[in-house]
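# Examining the three-dimensional arrangement
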Amino acid sequence: MILDKTTEIDIQKVTESKISQIDFSNLAFGNVFTDHMLECDYKDGKWQTIKIRPYGPITLDPSAKVFHYGQAIFEGMKAYKDDIDQIWMFRPDENQKRLNKSAVRLEMPEFPESLFFDGLETLLNIEKDWIQKEEGSSLYIRPFVIATEAGVSANPAKEYKFMILCSPAQSYYSGEVRVLFADTYSRSASGGVGFAKCAGNYAGQFYPTKLANEAGYQQVVWTDASTHENLEEAGTMNVFFRIGDKIITAPTSDRILDGVTRKSVLTLAEDLGIEAEVRNISVYEIEEAAKNGTLQEMFGAGTAAVINPILGFHFRGNDYELPKLESTYADLFKDKITSIQTKKAEDKFGWTYKVRTL
Ligand SMILES: *Cc1c(COP(=O)(O)O)cnc(C)c1O
C-alpha cells in the first residue's frame, strides 16, 4: 500500500478551532467531533472532488434514498500518535477493503483505495492536534457512505455521499457486561447482510437489545437464526470463549462481520502459543463448560473497546457467572493490541500504518 498523493482535495478550514473548549479527560464515546469533515459525492457514474470543510450539518432532499431504503454503510477505525508525534493507524487497509465489500452487497459504488487514503490522511494531518498522546487516547474515525439521490422509487440510487468524521476517544470502559444469548430474535440470516457493516444491522438490534437491557443484560450475543443453538457474535463486537486454556470463536460467514480485532486476536494467540479454535460453538457446550467450571472467560473484540470482558450470561432461563481470575486473556490481548497500536511494542506483523505527512 504505497500511494503517491495525487488526489485533488478542496480544503476549506475553520477560522478558529474549537479544540480549546474540549475537555479531553472527560469524553463520552462518539459525542465530540473535530473541526473538519471530509465529503465526496458520487454523481454521473463517478466520484467527484474530495472536499474537507468545517464540521457541520449536511442538506439532503427528504426523498433521498438513504432515508427510505437504507443504503448506508460505515466503518470504524482509530488513529494514534507516538512519542515523536507521528500519526499511526491500525490495519486501515482492512477497513478500506471491508467498506467496499459492504458497498457491493448493498449495491452501492465502491470507493477507490487511493481516494480513501489520500482523503483520510489529508484530514488526519489537518486534525493532528486532536490526536492525544495520553494512555488510552485515540482518534476514532468514522467513514460512511449514504444514498443521496432524491426519489422514492425502490431501486438503488445513482448518487451517493462518502464522508469521514473524526471523534477524539479515551480508553473505552463499557462497565460490567453481562449478556443474553439470543433465543428469539436474530441479527442476521444466511444469504443476508450480516457480514456487511450496514446501518440496518444496527437498527434491527436495538429493540431486542432494549428488552435484554430491561432484563438486566447489557448486550445480546446473537445465535444462528435457524436453531439459536450456535453462538455467533455480539453485534458490535466478535465474541471469544475461553475454555480451560483454549480460546474459541465462531468462523466468519455471511452472517458474521469479519472483525479486524478478531483477526488480530487469532494471530496474537498463535504467536503467544495460546491454542485457538475457529469453529461452531454450541450454546450447550458453553452452558456445560459454565456448569463444570471450565469456562474461564468470555470477551468481545472490536475497534471501539478493543477487548471487552463479559462477566456472565443468560440462556433460556438460567444465569451463569464467570470466575474472577487473577490474570485474564482479555487483559493480555488488550495490552498486546494497544501496545502495538500505539507503537509501544514491536509490530512484527506489519499491522501499523504510518500516516504520511501531507
Ligand atoms: C464493526 C463490527 C465488529 C468489530 O469489527 P472490528 O473490525 O474489530 O472493529 C463486529 N461485529 C459487528 C457487527 C460490527 O459492525
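Conventions we followed
Residues numbered from 1 in each chain as written. Predicted model: local features only at pLDDT ≥ 70, side-chain atom pairs only at ≥ 80, totals over all residues. Heavy atoms only, no water. Helix = DSSP H or I, 4+ residues; strand = E, 2+ residues; numbered from the N terminus. Rg over C-alpha atoms; globule rule 2.2 N^0.38 Å. Contact = heavy atoms within 4.5 Å. Areas by Shrake-Rupley, 256 points an atom, 1.4 Å probe, with all protein chains shown as cover. Lys, Arg positive; Asp, Glu negative; His and termini not counted. Charge placed at Lys NZ, Arg CZ, Asp CG, Glu CD. Near = heavy atom within 4 Å. Polar contact = N/O pair within 3.5 Å; in protein donor to acceptor, adjacent residues only side chain to side chain. Core = buried A, V, L, I, M, F, W, Y, C linked by side-chain atoms within 4.5 Å. Buried < 20%, exposed > 50% of the residue type's maximum accessible area, 1.4 Å probe, protein only. Domains from an automatic or database assignment. Phe/Tyr/Trp six-rings, centres within 6.5 Å; stacked < 30°, edge-to-face > 60°. Lys NZ or Arg CZ within 6 Å of the ring centre and 35° of its normal. Buried area = accessible area lost by both parts, 1.4 Å probe. Salt bridge = Lys/Arg side-chain N within 4 Å of Asp/Glu carboxyl O. Nonpolar A, V, L, I, M, F, W, Y, C, P; charged D, E, K, R; others polar.

### Looking at the overall build of the chain
Summing up its helical and strand segments, the chain has seven helices and 20 strands in all. Relative to the compact-globule value of 21 Å for 358 residues, the chain shows a C-alpha radius of gyration of 21 Å, a close match. Pairs at least 24 apart in sequence give 72% of the contacts found in the chain among residues at least 6 apart. When the accessible area of the chain is evaluated, it comes to approximately 16,500 Å², of which 48% is carbon and sulfur surface. Of the side-chain charges in the chain, 40 are positive and 52 negative, and the distance between the mean point of each set is 3 Å.

### Section: the site of the ligand
Taken together, 15 residues sit near the ligand, with Lys197, Tyr202, Glu233, Thr261 and Thr303 positioned nearest. A distance of 2.6 Å separates a nitrogen atom of the ligand from a polar side-chain atom of Glu233. For the ligand, an oxygen atom lies 2.8 Å from a polar atom in the backbone of Val260. In the complex, the protein chains occlude 97% of the 380 Å² of accessible area that the ligand would expose alone.

### Brief notes about the nonpolar core
Formed by 51 residues in total, the largest nonpolar core has its most connected members in Trp47, Met89, Ile141 and Phe162. No fewer than three residues from each of domain 1 (9-170) and domain 2 (178-341) sit in this core. Those residues within four positions of Trp47 in sequence are excluded, and the remaining contacts are Cys40, Asp41, Tyr42, Pro109, Glu110, Phe111, Pro112, Leu115, Val145, Tyr160, Lys161 and Phe162. Core analysis: the next-biggest nonpolar cluster, separate from the first, contains 22 residues, Val179, Val283, Leu295 and Phe315 among them.

### Looking at the side chain of Gln341
Summarising the element assignment, Gln341 is placed in helix 7 (residues 329-341). The contacts of Gln341, once residues within four sequence positions are left out, are Tyr80, Trp88, Phe90, Val306 and Thr352.

### So, the packing of aromatic side chains
In the structure shown here, the tally under the stated rule is 22 aromatic pairs. With 5.3 Å between their ring centres and 15° between their planes, Phe240 and Phe299 make a pair best called stacked. Taken together, the residues Phe240 in strand 13 (residues 238-243) and Phe299 in strand 16 (residues 295-302) connect sequence positions 59 residues apart. Accessibility assignment for this pair places Phe240 and Phe299 in one class, buried. In this structure an aromatic cluster arises from ring pairing among Tyr42, Trp47, Phe111, Phe116, Phe117, Tyr160, Phe162 and Tyr353. In this arrangement the basic side chain of Arg242 is found over the ring face of Tyr329, its NZ or CZ atom lying 3.8 Å from the centre.

### A word on the domain arrangement of the chain
For the chain, the assigned domains read domain 1 (9-170) and domain 2 (178-341). If you average the C-alpha positions of domain 1 and of domain 2, the two centres end up 28 Å apart. Taken together, the contact between domain 1 and domain 2 spans 20 residues of the former and 20 residues of the latter. With both sides pooled, the region where domain 1 packs onto domain 2 buries about 1,700 Å², and carbon together with sulfur makes up 61% of that total. In this assembly, domain 1 and domain 2 are joined by one salt bridge. If you look at where domain 1 meets domain 2, you find eleven residue pairs in polar contact (both at pLDDT 80 or more). The leading source of residues in the side of domain 1 that touches domain 2 is helix 2 (residues 92-105), at six residues. Class assignment for the residues of the side of domain 1 that touches domain 2 results in ten nonpolar, three polar and seven charged.

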